[in-house]
Amino acid sequence: MADIRSIVILTGAGISAESGIDTFRDAGGLWEKHRVEDVATPEAFARNPALVQGFYDARRAALATVEPNAAHEALARLEREWPHELLLVTQNVDDLHERAGASSVLHMHGALRSALCGACGQRFPWEEPLSDAPPCSACGAPALRPDVVWFGEVPYQMDRIFAALAKADLFVSIGTSGAVYPAAGFVNEAAAHGARTLELNLERSEGSHWFDESRQGRAGELVPAWVEEMVG
Ligand code: BJW
């Protein structure tokens, strides 16, 4: 541990699974109930905004029924106690890292509790449904959409993420299938710059073979144990 200073952590849907939020690609996951092409592309939104708004309105409302779990809490502890640099990047659009006490979370795929104006580009904290097309408070256009990153769109803050990966001593991927780029490529990016790489996931993922070490199990058990190794 003595040689590790800068850590980049990437989380995916698996870290929120034990809180009761569906993952995407597991059996019974979101993509079994909804076709990706119908709800998670700009084309789908242009074709059927009501369907897409309804999908995200329901997921936003469901956030009120879930709580952070031991894995979110352990990462918040690590953020508080790690004496060097740490960047927590999540692909998740839920707010469970923040509610567990993490103070700085980079939401590369956006956030359910945020709206984006398709007319002027302004982003707002947002709690209510968007289905009834409320006006943007900046420009007045009834063009608010979920502030999430769909397929074909560019994830947020990529420059900051790649800069952190380039100087990371340790890259840790938690609860993600490694099926979606650019996040799936972070392990290679970090390794190419000399970082050690660790995966914590329920099962071996599509990218497991890229990691120096892959541990299998529930995030609620693996993550607190790993955090204890780091700061205990
Ligand atoms: C547990 C557990 C427990 C369960 N404990 N673990 C061909 C080749 C390469 C790339 C492309 C290609 N064609 C198109 C592309 C690009 C495309 C892409 O990757 N497509 C793939 C399908 C191939 N990517 C994009 O379009 C992205 N943009 C882009 O590339 O822009 C260009 C650019 C990039 C960089 C710089 C400049 C330009 C955008 C991708 C947007 C993804 N959006 C979504 C929806 C967000 C909103 C929403 O939530 O609805 O993001 S899709 C969905 O997948 C969501 C997730 O964040 C993302 C990843 O899913 P995740 O988190 O990995 O979930 P699962 O379900 O897949 O996995 C869960 C894992 O947890 C499993 O492994 C379980 O085992 C595990 N697990 N319980 C621990 N208790």
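Just so it is clear, the structure is predicted and the values come from calculations on it, not from any experiment. (Residues numbered from 1 in each chain as written. Predicted model: local features only at pLDDT ≥ 70, side-chain atom pairs only at ≥ 80, totals over all residues. Heavy atoms only, no water.)

A few words on the sheet that holds strand S5 (residues 123-125). In spatial order, the strands read S5-S4-S6; together these three strands make up an open sheet with antiparallel pairing. With one partner strand each, in any of the chains shown, S5 and strand S6 (144-148) form the two edges of the open sheet. If you compare each strand with its neighbour and ignore which way they point, the axes differ by 45° on average. Looking at chain direction, strand S4 (residues 110-117) and S5 are connected through three bridges and run antiparallel. Counterpart to Ser-114 in the pairing with S5 is Pro-125. (Pairing = 2+ DSSP bridges. Helix = DSSP H or I, 4+ residues; strand = E, 2+ residues; numbered from the N terminus. Axes fitted to C-alpha atoms, helices over the stretch in contact; angles between N-to-C directions.)

Arg-25, Arg-59, Glu-153, Thr-176 and Ser-177 are the nearest of the 36 residues found near the ligand. Interatomic distance of 2.7 Å between a side-chain N/O atom of Glu-18 and a nitrogen atom of the ligand. Side-chain polar atom of Arg-25 to an oxygen atom of the ligand: 2.7 Å apart, as the coordinates give it. Protein contact buries 76% of the 1,500 Å² of open area that the ligand shows by itself. When contributions to the shell around the ligand are tallied by element, the ones reaching two or more residues are helix H1 (14-17) and helix H5 (49-62). Mapping the shell around the ligand onto the domain boundaries places at least three of its residues in each of domain 1 (1-20 + 68-109 + 155-232) and domain 2 (22-65 + 114-148). (Near = heavy atom within 4 Å. Polar contact = N/O pair within 3.5 Å; in protein donor to acceptor, adjacent residues only side chain to side chain. Areas by Shrake-Rupley, 256 points an atom, 1.4 Å probe, with all protein chains shown as cover. Domains from an automatic or database assignment.)

One pass over the structure, following the stated rule, counts seven aromatic pairs. Considering the side-chain rings of Trp-31 and Phe-55, the 6.4 Å spacing of their centres and the 25° angle between planes classify their relative orientation as stacked. With Trp-31 in helix H2 (residues 30-33) and Phe-55 in helix H5, this residue pair connects regions lying 24 residues apart in the sequence. We note that Trp-31, like Phe-55, is buried. With a centroid separation of 6.3 Å and 20° between ring planes, the pair formed by Phe-171 and Phe-211 is classed as stacked. On the criterion of sequence distance, the pair formed by Phe-171 in strand S7 (residues 170-174) and Phe-211 in the loop between strand S8 (196-201) and strand S9 (213-216) is long-range, its members being 40 residues apart. For Phe-171, a relative accessible area of 1% translates into the label buried. Put simply, the rings of Phe-24, Trp-31, Phe-45, Phe-55, Tyr-56 and Trp-150 touch in pairs and so form one group of aromatic residues. (Phe/Tyr/Trp six-rings, centres within 6.5 Å; stacked < 30°, edge-to-face > 60°. Buried < 20%, exposed > 50% of the residue type's maximum accessible area, 1.4 Å probe, protein only.)

Turning to the nonpolar core, a few remarks are in order. In terms of nonpolar packing, the biggest core is built from 26 residues, with Ile-9, Leu-75, Ile-174, Val-223, Trp-226 and Met-230 touching the most fellow members. Mapped by element, the contributors of at least two residues to this core are strand S1 (7-11), helix H6 (70-81), S7, S8 and helix H10 (219-231). It is H10 that contributes the most residues to this core, seven residues altogether. Leave out the neighbours within four places in its chain, and Val-223 touches Ala-71, Ala-74, Leu-75, Ile-174 and Leu-200. Of all hydrophobic cores here, the second largest spans 18 residues; its members include Val-89, Leu-106, Ala-183 and Phe-211. (Core = buried A, V, L, I, M, F, W, Y, C linked by side-chain atoms within 4.5 Å. Contact = heavy atoms within 4.5 Å.)

Another aspect to go through is the domain arrangement of the protein. Along its sequence, the protein is carved into domain 1 (1-20 + 68-109 + 155-232) and domain 2 (22-65 + 114-148). If you average the C-alpha positions of domain 1 and of domain 2, the two centres end up 25 Å apart. In this complex, domain 1 contributes 14 residues to the contact, which on the side of domain 2 involves 11 residues. Summed over both sides, the interface between domain 1 and domain 2 buries roughly 880 Å², with carbon and sulfur atoms accounting for 56% of that surface. The largest contributions to the domain 1 side of the interface with domain 2 come from Ala-13, Val-93 and Tyr-156, which together make up 43% of the buried area. Connecting domain 1 to domain 2 are zero salt bridges. Residues of the side of domain 1 that touches domain 2, tallied by class, amount to six nonpolar, four polar and four charged. (Buried area = accessible area lost by both parts, 1.4 Å probe. Salt bridge = Lys/Arg side-chain N within 4 Å of Asp/Glu carboxyl O. Nonpolar A, V, L, I, M, F, W, Y, C, P; charged D, E, K, R; others polar.)

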